[in-house]
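# Inside the fold
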There are 2 protein chains.
Amino acid sequence: MTPSGIARETPEPPYYAVIFTSLRTEGERGYGRTADRMVELARAQQGFLGVESARGADGLGITVSYWTDEEAIRSWREHAEHKLAQETGKRVWYADYELRVARVERAYAKRT
Amino acid sequence: MTPSGIARETPEPPYYAVIFTSLRTEGERGYGRTADRMVELARAQQGFLGVESARGADGLGITVSYWTDEEAIRSWREHAEHKLAQETGKRVWYADYELRVARVERAYAKRT
């Protein structure tokens, strides 16, 4: 997957976060390629603010994407190519997942 | 670190999420032991709902903890042993981090 780093481009709150926590099934089955493509597509969406992604050795993955508002999240959810990826995710790539939509109210960065 | 899995014990929204994204410095320097201890302590806090944690091969770590309300988050932030860990985190363990406090408004799990 494309390394994402810490999302630094987010503005002063409020804005929105989509927290997607997942466990993968066994086998690659085209997952990495689609995941990269979804990040590329998301970046081009109106209202996209950034994304952070990590998957640990125990298989738990967390992806947090940041958006200006709920309308931007809704548009991304309904994007045709993204909808197809969501369906394949449910059927093939994810043994389990939980998705949470949250309104970011405060943010703090490390100050050195 | 203690494997955390997907946080399944969270109630119907609204509740709160603390999204902590970080990059580690080189070397272990007691990090894993303190991280485990902090999860153990957090679980004992009033208002704690769950935690999810992943660190990828590229070094980016994401930990999301869930709480009933802002008061529970404030109490945890001010916990004496946790404050000491926060200070050591800033000085020793984290090259960089960003912490976001967000109100979870909707949640969806995989339905099979």
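The notes below deal with the structure included here. Just so you know, these numbers come straight off a predicted model, no measurement behind them. (Residues numbered from 1 in each chain as written. Chains lettered and ligands numbered in written order. Predicted model: local features only at pLDDT ≥ 70, side-chain atom pairs only at ≥ 80, totals over all residues. Heavy atoms only, no water.)

## Some details on the interface of chain B and chain A
Across the contact, 44 residues belong to chain B and 44 residues belong to chain A. Of the roughly 3,700 Å² buried where chain B meets chain A, counting both sides, 50% is carbon and sulfur surface. Considering only the surface of chain B that becomes buried against chain A, Arg100, Arg106 and Lys110 of chain B emerge as the three largest contributors, covering 19% of it. Linking chain B with chain A are eight salt bridges. Notably, a salt bridge pairs Arg100 of chain B with Glu52 of chain A, separated by 3.1 Å at the nearest N-O pair. Linking chain B with chain A are 32 residue pairs in polar contact (both at pLDDT 80 or more), by the criterion used here. For the side of chain B that touches chain A, the secondary structure elements donating two or more residues are strand E1 (15-24), strand E2 (48-55), strand E3 (60-67), helix H2 (70-78) and strand E4 (94-109) of chain B. (Contact = heavy atoms within 4.5 Å. Buried area = accessible area lost by both parts, 1.4 Å probe. Salt bridge = Lys/Arg side-chain N within 4 Å of Asp/Glu carboxyl O. Polar contact = N/O pair within 3.5 Å; in protein donor to acceptor, adjacent residues only side chain to side chain. Helix = DSSP H or I, 4+ residues; strand = E, 2+ residues; numbered from the N terminus.)

## Re empty space enclosed by the protein
Residues and elements named next belong to chain B. Within this structure, the stated rule accounts for one cavity of 30 Å³ or more. Of the pockets and cavities examined, the largest cavity occupies roughly 50 Å³. Residue lining of the largest cavity: eleven residues in total, with Tyr31, Ser53, Arg55, Gly61 and Thr63 positioned closest to the centre. Listed by contribution, the elements that provide at least two residues to the lining of the largest cavity are E1, E2 and E3. A breakdown of the residues in the lining of the largest cavity according to their chemical character gives six nonpolar, four polar and one charged. (1 Å grid on protein atoms, 1.4 Å probe; cavity = no way out; pocket = protein on both sides within 12 Å on 5 of 7 lines; lining within 4 Å. Points joined across faces, edges and corners; volume = space filled by probe spheres on them. Nonpolar A, V, L, I, M, F, W, Y, C, P; charged D, E, K, R; others polar.)

## Some thoughts on the sheet that holds E3 of chain B
Each strand in a sheet pairs with its neighbour through backbone hydrogen bonds, running either in the same direction (parallel) or in the opposite one (antiparallel). Within the open sheet, the eight strands sit side by side as E2(A)-E3(A)-E1(A)-E4(A)-E4(B)-E1(B)-E3(B)-E2(B). Their pairing is antiparallel. Taken across any chain shown, the strands that pair with only one partner, and hence form the sheet edges, are strand E2 (48-55) of chain A together with E2 of chain B. Taken over all neighbouring pairs, the strand axes of this sheet differ in orientation by 25° on average, direction set aside. The pairing of E1 of chain B with E4 of chain B spans ten bridges and is classified as antiparallel. Following the sheet pairing, Arg24 of chain B is matched in E4 of chain B by Tyr94 of chain B. (Pairing = 2+ DSSP bridges. Axes fitted to C-alpha atoms, helices over the stretch in contact; angles between N-to-C directions.)

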